[in-house]
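In case you want the letters, here they are:
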Amino acid sequence: MNRNDTLTQHFARAFDGKPDLIVRAPGRVNLIGEHTDYNDGFVLPMAIDYDIRIAARARPDRMVRLYSADLDKHDTFSLDDVRRVGEKPTWADYVRGVADVLQCEGYTLRGMDAAISGNVPRAAGLSSSAAMELAAITAFHRLNALALDPVRAALLGQRAENEFVGMRCGIMDQFISSLGKADHALLIDCRSLGYELV
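If you're wondering where the values come from, they're calculated on a predicted model, not measured in any experiment.

Some words on the overall build of the protein
Then, in step 1: In terms of regular secondary structure, the protein is built from five helices and eight strands.
Then, in step 2: For the protein, the N- to C-terminal ordering of α and β elements is α-β-β-β-β-β-α-β-α-α-α-β-β.
Then, in step 3: Against the globule reference of 16 Å for 198 residues, the protein gives a C-alpha radius of gyration of 16 Å, in line with a compact fold.
Then, in step 4: In terms of overall dimensions, the protein has C-alpha extents of about 45 × 40 × 30 Å along its principal axes.
Then, in step 5: A separation threshold of at least 6 residues defines the contact pool for the protein, and within that pool the share at least 24 residues apart is 66%.
Then, in step 6: Across the protein, 23 positive and 27 negative side-chain charges occur, with their mean positions spaced 4 Å apart.

Quick notes on the pattern of salt bridges
Then, in step 1: Summed over all chains, the structure comprises 15 salt bridges.
Then, in step 2: One salt bridge connects Asp-75 with Arg-96, and the closest N-O pair in it is separated by 3.0 Å. Of the two residues, Asp-75 sits in strand β5 (residues 73-78) while Arg-96 sits in helix α2 (residues 91-104), which places them 21 residues apart along the sequence.
Then, in step 3: Owing to a relative accessible area of 9%, Arg-96 belongs among the buried residues under this scheme.
Then, in step 4: Close ionic contact of Glu-163 with Arg-159 constitutes a salt bridge, the shortest N to O distance being 3.0 Å. Of this pair, Glu-163 and Arg-159 both sit in helix α4 (residues 150-165), four residues apart, which is roughly one turn of that helix.

Things to note about the packing of helix α3 (residues 128-144) against helix α5 (residues 172-179)
Then, in step 1: It is at 9 Å that the axes of α3 and α5 come closest, and there the two elements cross at 50°. Put simply, α3 runs oblique to α5. Handedness of the crossing formed by α3 with α5: right-handed. Touching Ala-130, Ala-131, Glu-133 and Leu-134 of α3 are Asp-173, Gln-174, Ser-177 and Ser-178, all from α5.
Then, in step 2: Looking at the contact of α3 with α5, its residues break down into three nonpolar, three polar and two charged.

Things to note about the nonpolar core
As a rule of thumb, nonpolar side chains are buried together in soluble globular proteins.
Then, in step 1: Judged by nonpolar contacts, the single largest core of 41 residues is most densely connected at Ile-54, Leu-66, Leu-102, Met-112 and Phe-140.
Then, in step 2: Elements supplying a minimum of two residues to this core: β1 (21-30), β3 (45-58), β4 (63-68), α2, β6 (112-118), α3 and α4.
Then, in step 3: In terms of residue count, α3 provides more of this core than any other element does, nine residues in total.
Then, in step 4: Apart from residues no more than four positions distant in its own chain, Leu-102 is found in contact with Tyr-107, Leu-109, Phe-140, Leu-146, Leu-148 and Leu-156.

What about the sheet that holds β1?
Then, in step 1: Taken in spatial order, the five strands make up an open sheet running β1-β3-β6-β4-β5, and their pairing is mixed. Bordering the open sheet on either side are β1 and β5, each of which pairs with just one other strand. Adjacent strand axes in the sheet meet at a mean angle of 20°, parallel and antiparallel pairs treated alike.
Then, in step 2: Relative to β3, β1 is paired through nine bridges, and the arrangement is antiparallel.

Points about α5
Then, in step 1: In terms of burial, α5 is a largely internal element, seven of the eight residues being buried.
Then, in step 2: Taken together, the buried positions of α5 are Met-172, Asp-173, Gln-174, Phe-175, Ile-176, Ser-177 and Leu-179.

Section: the packing of aromatic side chains
Between two aromatic rings, the relevant description is the distance of the centres plus the angle of the planes.
Then, in step 1: Under the counting rule described, the total for this entry stands at two aromatic pairs.
Then, in step 2: Where Phe-11 meets Phe-15, the ring centres are 5.0 Å apart and the plane angle is 55°; that geometry is what we call tilted. Of this pair, Phe-11 and Phe-15 both sit in helix α1 (residues 3-15), four residues apart, roughly one helical turn. Here Phe-11 and Phe-15 have matching classes, each one buried.
Then, in step 3: The interplanar angle of 80° and the centroid separation of 5.8 Å between the aromatic rings of Phe-175 and Tyr-195 together place this pair among those described as edge-to-face. Within this pair, whereas Phe-175 is found in helix α5, its partner Tyr-195 is found in strand β8 (residues 194-197), the two being separated by 20 residues in sequence.

Definitions and limits used
- In this numbering scheme, every chain counts its residues from 1 along its sequence in written order.
- Note on the predicted model: pLDDT of at least 70 is required for a residue's local features to be given, and 80 or more for side-chain atom pairs to be given and counted; whole-chain, interface and lining totals, by contrast, use all residues.
- Here the side-chain values reflect all heavy atoms present in the structure, with hydrogen atoms and water set aside.
- By the criteria applied, helices consist of DSSP H or I runs no shorter than four residues and strands consist of E runs no shorter than two, each listed in order from the N terminus.
- Taken over C-alpha atoms, the radius of gyration is set against a globule rule of 2.2 Å times the number of residues to the power 0.38.
- We call two residues in contact whenever any of their non-hydrogen atoms come within 4.5 Å of each other.
- Charged residues are defined narrowly, with Lys and Arg counted positive, Asp and Glu counted negative, and His plus the chain ends left uncounted.
- All charge positions are set by atom: Lys at NZ, Arg at CZ, Asp at CG, Glu at CD.
- A pair is scored as a salt bridge if a Lys or Arg side-chain nitrogen falls within 4 Å of a carboxyl oxygen belonging to Asp or Glu.
- Only protein chains enter the accessibility calculation, which uses a 1.4 Å probe; a residue whose area is less than 20% of its type maximum is buried, one above 50% is exposed, and one in between is partly exposed.
- Fitted lines through C-alpha atoms give the axes, limited to the stretch in contact for helices. The angle between two N-to-C directions lies from 0 to 180 degrees.
- Oblique is the label for any angle not under 35 degrees, not over 145, and not in the 65 to 115 range, which are roughly parallel, roughly antiparallel and roughly perpendicular in turn.
- Left-handed is the label given to a crossing in which the near helix is rotated counterclockwise from the far helix by less than a right angle, and right-handed is the label when the rotation is clockwise.
- Residue type decides the class: Asp, Glu, Lys and Arg count as charged, Ala, Val, Leu, Ile, Met, Phe, Trp, Tyr, Cys and Pro as nonpolar, and the leftover types, Gly among them, as polar.
- To form a nonpolar core, buried Ala, Val, Leu, Ile, Met, Phe, Trp, Tyr and Cys residues must be joined to one another through side-chain atoms within 4.5 Å.
- Think of it this way: DSSP has to see at least two bridges between two strands before they count as a pair.
- Each pair of aromatic rings taken from Phe, Tyr and Trp, with Trp reduced to its six-membered ring, is defined by centres within 6.5 Å and is described as stacked if the planes are under 30 degrees apart, edge-to-face if over 60, and tilted in the remaining cases.

Structure representation (structure tokens):
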């Protein structure tokens, strides 16, 4: 059974039905330019075949119900009252942060049910948090037909991590998760946000 089928089964058990879609966002390695993305330098990251996947279904209300298949944990919040779960960041805060930032930017969202699973090792320097943010942005984007290009999505993911989750980071992780392409690295000028697939 492939990972999408397994995630669909997790969704069915958690939410009694089928998802409308499954989205993914990859982790990354960085080839050149450690610690230069938040110092306006150049970096050369590459997306990897480890990712975060979200099976999601739109809701008719403003509730967001999350299920982490990897942790066997649930989280529920209203889009009318998006707050951090606790003092220390949790897996759900990355999705909450994305919802908060999208709404602060004027995007209209409706609720969703979402089952989440990933194989990006956590705390291993492979950007599992950026993958979570970009997968969540992609799910909200697709379910709500948002006018959102990949660069804008990356910037909003970074903002969610910096402002909502409270973890300071440069733009590299979100950029490569949003703009990465198979068999290519991504040269990013972190000052101008210019980029080139290499």
